[in-house]
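One-letter residues, chain by chain:
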Amino acid sequence: RCTIFSEGDFARFEEDNPGLKLRLHFHPNDACASAVKNGLVDAAVVHGRIEKQGIECRRIASQRIHAAVSKADPLAHRDSLALADLNGRLVARPLDIRCAMSLLMERCAALGVRPRFAEAGIDIQSCIRFMQAGGIILVAGGSYLRTAPPCGLSIPFRREDRLCVP
């Protein structure tokens, strides 16, 4: 949701591999998988695992999940969150980080935590409106929701409740 990678994330790869030319495109996981499967691109960097016949996946890194909230949210003053803080709260259903949704559901069920999942738009304005309405958006690594909206901020989960996506 809201661009997890940026062009700068690939600068070191380009420096280390001067013979290779990267052309970067930013699309959801499913579109990336289809482009690889149909031979439109040689490779794609996605979050989670793509399970399509004819596609090989390799884990190259993991990113921690943070909770993006409005600055007016009661959780906004915290240094870190517990999964229990999601209980009864409106939480945007993860889009491109389906593996995080499975992990989140398992961990919440084990703790008896029941977030109220809802759909939220993928553009920045929809995300801001969702947070202003009291919603929490789970964001990975470099998502611009972690830094961009002047009305919001992101909070990491405490060590024992940390969620990571490959």
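Residues numbered from 1 in each chain as written. Predicted model: local features only at pLDDT ≥ 70, side-chain atom pairs only at ≥ 80, totals over all residues. Heavy atoms only, no water.

## Examining the overall build of the protein chain
Phase 1: Secondary structure assignment for the protein chain yields 4 helices and 6 strands.
Phase 2: Reading the protein chain from its N terminus to its C terminus gives the helix and strand order α-α-β-β-α-β-α-β-β-β.
Phase 3: For the protein chain, the proportion of its 166 residues judged to be buried stands at 39%.
Phase 4: Taking all contacts inside the protein chain whose residues are at least 6 apart in sequence as the whole, residues at least 24 apart take part in 74%.
Phase 5: When the accessible surface of the protein chain is summed, it comes to about 10100 Å², and 50% of that surface belongs to carbon and sulfur atoms. (Helix = DSSP H or I, 4+ residues; strand = E, 2+ residues; numbered from the N terminus. Buried < 20%, exposed > 50% of the residue type's maximum accessible area, 1.4 Å probe, protein only. Contact = heavy atoms within 4.5 Å. Areas by Shrake-Rupley, 256 points an atom, 1.4 Å probe, with all protein chains shown as cover.)

## Examining helix α4 (residues 124–132)
Phase 1: Among the residues of α4, those classed as buried are Ser126, Cys127, Ile128, Phe130 and Met131.
Phase 2: Contact partners of the buried residues in α4: β1 (63–70), β2 (90–92), β3 (116–118) and β4 (137–140).
Phase 3: Positive phi shows up at glycine 134, right after α4, with a value of about 95°.

## Some points on the pairing of β1
Phase 1: Counting buried residues in β1 gives 7 out of 8 residues, a clear majority hidden from the surface.
Phase 2: Sheet analysis places β1 next to strand β6 (residues 164–165), joined by 2 bridges and oriented antiparallel. Each residue of the ladder has a partner; that of glutamine 63, found in β6, is valine 165.
Phase 3: Summarising the sheet, β1 and β4 pair through 4 bridges and their orientation is antiparallel. (Pairing = 2+ DSSP bridges.)

## Here we look at the side chain of serine 70
Phase 1: With respect to the element layout, serine 70 can be found in strand β1.
Phase 2: Owing to a relative accessible area of 9%, serine 70 belongs among the buried residues under this scheme.
Phase 3: A distance of 3.1 Å separates a polar side-chain atom of serine 70 from the backbone nitrogen of alanine 72.
Phase 4: Ignoring any residue separated from it by four or fewer positions in sequence, one finds serine 70 in contact with Ala76, Met131, Gln132, Cys151 and Gly152. (Polar contact = N/O pair within 3.5 Å; in protein donor to acceptor, adjacent residues only side chain to side chain.)

## Some remarks on the environment of valine 139
Phase 1: By the secondary structure assignment, valine 139 is in strand β4.
Phase 2: According to the relative accessible area criterion, valine 139 is buried, its value standing at 2%.
Phase 3: Sequence separation between valine 139 and glutamine 63 is 76 residues, and the spatial gap between their C-alpha atoms is 9.5 Å.

## Some words on the pattern of salt bridges
Pairs can form between side chains of opposite charge whenever their charged atoms are close.
Phase 1: All chains considered together, the criterion is met by 5 salt bridges.
Phase 2: Close ionic contact of arginine 58 with glutamate 56 constitutes a salt bridge, the shortest N to O distance being 2.7 Å.
Phase 3: Judged by relative accessible area, arginine 58 falls into the exposed class, the value being 67%.
Phase 4: In this structure, a network of salt bridges that share partners links the residues Arg158, Glu160 and Asp161. (Salt bridge = Lys/Arg side-chain N within 4 Å of Asp/Glu carboxyl O.)

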